[in-house]
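Topology and contacts: notes
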Amino acid sequence: PDQTLDDLDSNYMYFTEEDGIGVGVYARHDKDGCYSTLFEDTGARAGDETVGTATSPDGTRLYVGFQVSGELFVVERKDKGRF
């Protein structure tokens, strides 16, 4: 993984990865080791690099930047929970 963010409250580690085919943000649950995809782009952003993973002070938003395109994504959970 390139960028990692470990949330001790939710037992998830969030990380970014790119492989030349796509870029994305993923999560790994610390207790059972299961992986999940938060989002992944194999189209317009393929070849870009994810940078700057962070959460808002209240933990309800996850921020992810893209180096080449200069975009910043703000991700919120549908259930309004914390990351």
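**A look at the packing of aromatic side chains**
Counted under the stated rule, the structure contains 6 aromatic pairs. When the ring of F15 is compared with that of Y26, the centres are 5.8 Å apart and the planes differ by 35°; the resulting orientation is tilted. Residue F15 is found in strand β2 (residues 12-18), and its partner Y26 is found in strand β3 (residues 23-29); the two are separated by 11 residues along the sequence. Owing to a relative accessible area of 9%, F15 belongs among the buried residues under this scheme. Overall, Y26 belongs to the buried group, its relative accessible area being 14%. Ring geometry for F39 against F73: centres 5.4 Å apart, planes inclined by 35°, an arrangement best described as tilted. A residue pair is termed long-range when its members are at least 10 positions apart, and F39 in strand β4 (residues 35-41) and F73 in strand β7 (residues 72-76) qualify at 34 residues.

**Details of the environment of Y14**
Along the polypeptide, Y14 turns up in strand β2. Given a relative accessible area of 5%, Y14 falls into the buried group. For Y14 and H29, which are 15 residues apart along the polypeptide, the C-alpha to C-alpha distance reads 8.9 Å.

**Here we look at unusual backbone geometry**
If you check the backbone angles, K80 has positive phi at about 65° while not being a glycine. Topologically, K80 is positioned in the segment after β7. Residue classification places K80 among the exposed residues on the basis of a relative accessible area of 63%.

Procedures and definitions
Residues numbered from 1 in each chain as written. Predicted model: local features only at pLDDT ≥ 70, side-chain atom pairs only at ≥ 80, totals over all residues. Heavy atoms only, no water. Phe/Tyr/Trp six-rings, centres within 6.5 Å; stacked < 30°, edge-to-face > 60°. Helix = DSSP H or I, 4+ residues; strand = E, 2+ residues; numbered from the N terminus. Buried < 20%, exposed > 50% of the residue type's maximum accessible area, 1.4 Å probe, protein only.

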